[in-house]
Every structure is written in structure tokens, then in C-alpha cells.
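Single-letter residue listing:
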Amino acid sequence: MNILLTGASSGVGFEAVLELILNSENKVIALARSADKLNRLLEIAKGFNPDCNLFPVQFDLLNDDIEKELKPLIAQQFSQIDVLINNAGNLEVKPFAESSEVDFVEMLQSNFLNHVRLIQGVLPLLKSPSHIVNIGSMGGFQGSAKFAGLSAYSASKAALHNFTECLAEELKEKKISVNCLALGSAQTEMLEKAFPGYESPVMAFEMGKYIADFALTGHKFFNGKVIPVAVTTP
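The model shown is predicted, which means the values in this text are computed figures rather than measured ones. (Residues numbered from 1 in each chain as written. Predicted model: local features only at pLDDT ≥ 70, side-chain atom pairs only at ≥ 80, totals over all residues. Heavy atoms only, no water.)

**Quick notes on the pairing of strand 2 (residues 27–32)**
Among the six residues in strand 2, five count as buried, and that is most of the element. Pairing analysis gives four bridges linking strand 1 (residues 2–5) to strand 2, with the strands arranged parallel. When the bridges of strand 2 are listed, Asn-2 appears paired with Lys-27. The parallel pair strand 1 and strand 2 is bridged by helix 1 (residues 11–20), and the resulting crossover is right-handed. Here strand 2 runs beside strand 3 (residues 53–58); their pairing, made up of six bridges, is parallel. Following the sheet pairing, Ile-29 is matched in strand 3 by Phe-55. (Buried < 20%, exposed > 50% of the residue type's maximum accessible area, 1.4 Å probe, protein only. Helix = DSSP H or I, 4+ residues; strand = E, 2+ residues; numbered from the N terminus. Pairing = 2+ DSSP bridges. Right-handed = clockwise from strand over helix to strand, strands pointing away.)

**A few points about the packing of aromatic side chains**
One pass over the full model with this rule turns up three aromatic pairs. Measuring from centroid to centroid gives 5.7 Å for Phe-112 and Phe-163, while their planes differ by 75°, and the two rings are edge-to-face. With Phe-112 in helix 4 (residues 101–122) and Phe-163 in helix 5 (residues 151–171), this pair connects stretches of sequence that are 51 residues apart. Taking relative accessible area as the criterion, Phe-112 reaches 16% and is therefore assigned buried. (Phe/Tyr/Trp six-rings, centres within 6.5 Å; stacked < 30°, edge-to-face > 60°.)

**So, the environment of Lys-172**
Mapped onto the secondary structure, Lys-172 falls in the loop between helix 5 and strand 6 (176–183). Accessibility expressed as a relative area gives 44% for Lys-172, which makes it partly exposed. Residues Lys-172 and Ser-128, 44 residues apart in the sequence, show an inter-C-alpha distance of 9.7 Å.

**Observations regarding the side chain of Asp-60**
Summarising the element assignment, Asp-60 is placed in the loop between strand 3 and helix 3 (66–77). Summary of buried charges: Asp-60 has no salt-bridge partner, and the nearest side chain of opposite charge, Arg-33, is 4.7 Å away. A distance of 2.9 Å separates a polar atom in the side chain of Asp-60 from the backbone nitrogen of Leu-62. (Lys, Arg positive; Asp, Glu negative; His and termini not counted. Salt bridge = Lys/Arg side-chain N within 4 Å of Asp/Glu carboxyl O. Polar contact = N/O pair within 3.5 Å; in protein donor to acceptor, adjacent residues only side chain to side chain.)

**Considerations on the pairing of strand 4 (residues 81–86)**
Taking burial as the measure, the six residues of strand 4 include six buried ones, the bulk of the element. Sheet analysis places strand 1 next to strand 4, joined by three bridges and oriented parallel. Residue pairing in the sheet places Leu-4 in a bridge with Leu-84 of strand 4. Pairing geometry for strand 4 and strand 5 (residues 126–137), over five bridges, is parallel. Counterpart to Val-83 in the pairing with strand 5 is His-131. Tracing the backbone out of strand 4, into helix 4 and back to the parallel element strand 5 gives a crossover that is right-handed.

**Points about the sheet that holds strand 1**
Spatially, seven strands are ordered 3-2-1-4-5-6-7 in an open sheet, and the strand pairing comes out parallel. Two strands lie at the open edges of the sheet, namely strand 3 and strand 7 (226–229), each paired on one side alone. On average, each strand axis in the sheet is tilted by 20° relative to the strand beside it, whichever way the strands run. Against the sheet, helix 1 engages strand 1, strand 2, strand 3, strand 4 and strand 6, with an angle of about 165° to strand 1. Running over the sheet, helix 3 touches strand 1, strand 2, strand 3 and strand 4 and is turned about 160° from strand 2. (Axes fitted to C-alpha atoms, helices over the stretch in contact; angles between N-to-C directions. Contact = heavy atoms within 4.5 Å.)

Laid out in C-alpha cells, this is it:
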């Protein structure tokens, strides 16, 4: 499988890459903004599987040029993309009364519009049958428990969820499946920063493994679905 994954520098994206590279038949391009963290990822991956096909790429989804910079790098490794995992994003806790319009725009950019931009950019490389996996959140899942301070974050994830359903309809004739995993909490650096002292019942490596497995096989069973992945009832 030829796999492109964003947000690979830490958390569940980092762990998903380490799961995917265990199979040497998988070729993985891992995107992140931090070169140091990508180098660490490659070092650990080579420790797990010296023959792994991992290609870390420092790339900023907001500011770097997909057409001129990213696509040529992809073309050096892939003739096509079989799996795209849109994992990059941000979590900020801020009371609504203290939030500006810019706060909402930045959250939408990070958690929604960057994914739209990337999908549009690499769509010609996605061939039948391929799988786009968007990483959403239970915070944006309709009917789930909501938390104070997450209005901008949850709204951005809800946009991603609805976009998933619409995009799946548009791409189904091309046999490109689109699904979204609405994740509950996992013990990551992002979670610890946003909610100091909170301990998730799910470790990052466990969620990373789930994402990796679903990305490879989920399109055989689902299309256009937003799937809650949480140990608690929504």
C-alpha cells in the first residue's frame, strides 16, 4: 500500500506510522512541520523494522505549496496513493466569551480547511480503489457529551464530519472511499497540554494501531461514515 499520513510528529499519527511500517510492503510518506520529530520517528521506525519504507517529509499544510513542493516529492516514491490519512490538527481550550473570530478561523483552518486543501491537491493521485480517512473527534459528533472551552474545536471537527459524508458521495463513482473516525480521548501530548492531569483510558499507541488497521481495511465495509471510536457512550 502507498500511504500518505499527515500530523506524524506526535500522538496517534506518530503511532499509526509505527504500526504501518511493520509491513515492509507498505510505503509511507509521513508529513509534519517538525524535522526533529520526523527524524526521531524514522529512527524508531528503523529500530522496529530495518527494512521499512518510510519517507518523512517536513511540510506545513497551511503555508507550503502542495502543487509545487509536495506532489513532486510524492511522485518520487509513489505512482499513486492508496490511502490518505488526514490526521493533522490542533486542540485549543478557550471559553467562548474570550474567543475571537480569528480563534474560530484558525481552528477551522487547522482541523478542516487544511484537509480540504490537501485532498484537492492530491486527488489526481488517488486511484480506484483508495481510501481517505479523516480523523475527527467525539467533540464534533452529534449527540455526544460536550465540554466547555471547546466550541471552536468541536465546530471544526463537526465540519470535517459533514464534509466526509458529502465527499464520499462525490467520489463513489471513482471508487474512492471516504470515512471519518470520530476519536475519543487518547493519552497524547496534545491532550495533556489541553487538559493537564487528565488520564485517558486509551493509550496513543492503541489508538494509532486502530487508525492504521482501519485505514487499510475500513473501506471494505464503510463509505461516507463518521464512526465514533470511544470507550464511553456518546
